[in-house]
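# Structural features, examined
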Amino acid sequence: MEIKDFCFASDSTPPLSVIVAAKVASLTLPPPTAADSASLPAFVFSNGLKVQGTYVLLRYIGRVAILYGQDPFQSSQIDQWLDYAPVLSVGSEFENACNFIDNYLQSRTFLVEHSLSIADIAIWSGLAGNGLRWESWRKSKKFPNLVRWFNSIFDEYSDALNEVISTYVGKKGSGKPAAAKPKGQQVVSRDNPEKGKASSRLSSSEIDLPDAEIGKVCLRFAPEPSGYLHIGHSKAALLNQYFAQRYKGQMIIRFDDTNPSKESNEFVHNLLKDIEALGIKYETVTHTSDYFPRLMEMAESLIRQGKAYVDDTPREQMQKERMDGIESKCRSNSVEENLKLWKEMIKGSERGLQCCVRGKLDMQDPNKSLRDPVYYRCNPVPHHRIGSKYKIYPTYDFACPFVDSVEGITHALRSSEYHDRNAQYDRIQADMGLRKVHIYEFSRLNMVYTILSKRHLRWFVENGRVDGWDDARFPTVQGIARRGLKIEALVQFILEQGASKNLNLMEWDKLWTINKKIIDPVCPRHTAVIEEQRVPLTLTNGPEQPFVRIIQRHKKYEGAGEKATTYTNRIWIDHADAESISVNEEITLMDWGNAIVKEIEKDQDGKVTHLSGVLHLEGSVKTTKLKLTWLPDTSELVNLTLVDFDYLITKKKLEEGESFLDVLNPSTKKETAALGDSNMRNLKRGEILQLERKGYFRCDAPFVRPSKPVVLFAIPDGRQATSLR
């Protein structure tokens, strides 16, 4: 039964939610025709029957496209939102409605459960239909959760929604068309450089570096080798590259290796590996340790000039004095006394180990970073590059302004967390008598439910809470790549944030949504059945002898290759699917055809244990409610372990002074035994695939022998919540 006509009153507002739902569901509607002014929006079907009313039409599309809930309770929740949606068209109630929905979406991705429904479409359309009024709120920070939700739906279905908005929004007083959001650009592929060029522009408005000249800009990305590169560092690295390319300048990699207690060659190696994976192009690699002799000379020179002194005040007391603006008793020591203690520090003697070198700046300055900061400390731990040559090491605050200047850096990009120390950087550079380096601040990339402190991440590694720095629960580049994130998605996500100084807390959903758009068109499809309580379905008229067909691993992408599918008269289906089937119901077995279930056997607890039915291959797959995955009952199935992950902490954002130890997530990893089709013996480590009706996965451990399961890591898609929650 096809929709023959779609009509609504020519002098009324178009039923935007119906049009949006049809576009999202890829349901072709006939061109709308005008009806008289008293008519409700209506579908007229090929058999002459008619349904009318905006939300009646919306529910019809929802049922056809399975956007109306999976059970009666979900449908009832959706109905509540459909009843609420009209309030968005009441001018005096619009702001209150936005506030209510914003609060509701604080910890939700969708309005009902974990997937898009016609509830989302109704509310989304109600907002979009307000035109400029909603666009002004959308650009503000008043409703962050609502805007995040609205933008995520817009990004997911941008082509369809742009078309609807440009065509219908603005008619009958509903506002002017909203500006279309440009799609993010792809990064250059290392394997195929012509497959999309790297974006040399940020998606936000252009931001200029102060006093930057084309061809004369030099920048540096300076990670400390005390951990692996994480998503926050990635933003800094990519912004440096962006500005270097924009100004046709240079970029260097410098390892800030001034603390041997935390650093290692392992971290250096993996940081370079991650930088290469991000596609970062640089001129050379340097180390702060290359400048240790010159840094020691500079420290001694400042001591001789009276701009620095040696202090033996215990650390805790020193911290308190700095907070209170109290000068150290050592501040007035003579140059001779300071040089004497400086030599003891260089030797690493017992007396020297009690001391540090401090800059003589201003102990009364309101900016506490200028209250005589520490320049040098003793540390007897051997350095990972130069061994035990030195017993003293410069602090980052002392070394960074020196090395930046002598290496010819013109602009130092620093995240806004260093804002209070920018004045210190400038003052130290001036005291050293060195060329001034411009500082440009950008906002740190913060992600919900995520720890980015390397010190805290190290705690998880050292306490066995994760498997290492490349654990799939970690925000490291290697960790999220191991979970299935493509580097192209990470680069696109970060470049879209731009070089803004505005602080933001980003949702992981947006990143995984970008990733899905990259992997879905090309990743092969396979089939799996959860091993626990799987249910056999006997097809009494099925093939007596198993036979094999060769089919595409991806119906729309030949490059994914082929797979062999075995057809038998006894197959396995998931227990959850078996529970949803009724006697005499016709179902579709994917990649085979229809079958009619004749008998359902249950145990004493009412659980389905066996199904019997007949193939009905001439049946139409369009008429069945259930499209099920299945596996043949053969000995060639592959044992699988499906692994799902959750966040390491249970709080979206840690407050100032709050310890992550207080919000540790007790359950962050879930393993589920499953059986997979025989073709999964050929999966390679790192290969991304889709298990049909189960989601996307990355192969972490390929097939070795039948007794050792293939390990597949679940890849978030930006829409489905983890099964651990």
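Residues numbered from 1 in each chain as written. Predicted model: local features only at pLDDT ≥ 70, side-chain atom pairs only at ≥ 80, totals over all residues. Heavy atoms only, no water.

This part is about the UniProt feature "domain: tRNA synthetases class I (E and Q) anti-codon binding" (unreviewed entry) in the chain. Under the present numbering, the feature "domain: tRNA synthetases class I (E and Q) anti-codon binding" (unreviewed entry) in UniProt falls on residues 627-700. Between the end C-alpha atoms of residues 627-700 there is a gap of 29 Å, over a span that is 0% helix and 41% strand. (UniProt positions renumbered as here; feature names shortened; annotations may be inferred. Helix = DSSP H or I, 4+ residues; strand = E, 2+ residues; numbered from the N terminus.)

With that settled, consider the environment of N379. Within the fold, N379 resides in the loop between β10 (374-378) and β11 (392-394). When the C-alpha positions of N379 and T286 are compared, they lie 22 Å apart, and in sequence the two are 93 residues distant. In this structure, N379 is in contact with N259, P260, S261, Y390, K391, I392 and Y393, ignoring residues within four places of it in sequence. Polar side-chain contacts of N379 include one of 3.0 Å to the backbone nitrogen of V381. (Contact = heavy atoms within 4.5 Å. Polar contact = N/O pair within 3.5 Å; in protein donor to acceptor, adjacent residues only side chain to side chain.)

Core analysis: the biggest nonpolar cluster contains 55 residues, and F43, L111, I123, W124, L127, L146 and W149 have the highest contact counts within it. No other element matches helix α5 (residues 118-128), which puts eight residues into this core. Aside from chain neighbours lying at most four places away, what touches W149 is L105, T109, F110, L111, D120, I123, W124 and L127. V268, L452, I518 and I715 belong to the second largest nonpolar core, which has 50 residues in total. (Core = buried A, V, L, I, M, F, W, Y, C linked by side-chain atoms within 4.5 Å. Buried < 20%, exposed > 50% of the residue type's maximum accessible area, 1.4 Å probe, protein only.)

Okay, the sheet that holds strand β18 (residues 535-539) next. If you walk across this open sheet you meet the seven strands as β25-β22-β23-β24-β18-β21-β26, and the pairing is mixed. Sheet topology places β25 (627-628) and β26 (631-632) at the edges, where each strand pairs with a single neighbour. Examined bridge by bridge, strand β22 (residues 586-589) and strand β23 (residues 593-602) share four bridges and lie antiparallel to one another. Across the sheet, the residue bridging to I587 is A595, located in β23. (Pairing = 2+ DSSP bridges.)

With the rule as written, the count across this model stands at three cavities of 30 Å³ or more. Empty space within the largest cavity amounts to approximately 200 Å³. Looking at the largest cavity, it is lined by 20 residues, and the ones nearest its centre are T565, W630, L631, P632 and D677. Breaking the lining of the largest cavity down by element, the ones donating at least two residues are β20 (562-567) and β26. Of all the elements, β20 adds the most residues to the lining of the largest cavity, at four residues. Residue composition of the lining of the largest cavity, by class: eight nonpolar, seven polar and five charged. Space inside the second largest cavity adds up to approximately 80 Å³. Surrounding the second largest cavity, F110, L116, S152, I153, D155, E156, Y157, K510, T513, G718 and R719 form its lining. Elements that contribute at least two residues to the lining of the second largest cavity include exactly α7 (144-156) and α19 (508-519). When residues of the lining of the second largest cavity are assigned to their parent elements, the largest contribution, four residues, is made by α7. (1 Å grid on protein atoms, 1.4 Å probe; cavity = no way out; pocket = protein on both sides within 12 Å on 5 of 7 lines; lining within 4 Å. Points joined across faces, edges and corners; volume = space filled by probe spheres on them. Nonpolar A, V, L, I, M, F, W, Y, C, P; charged D, E, K, R; others polar.)

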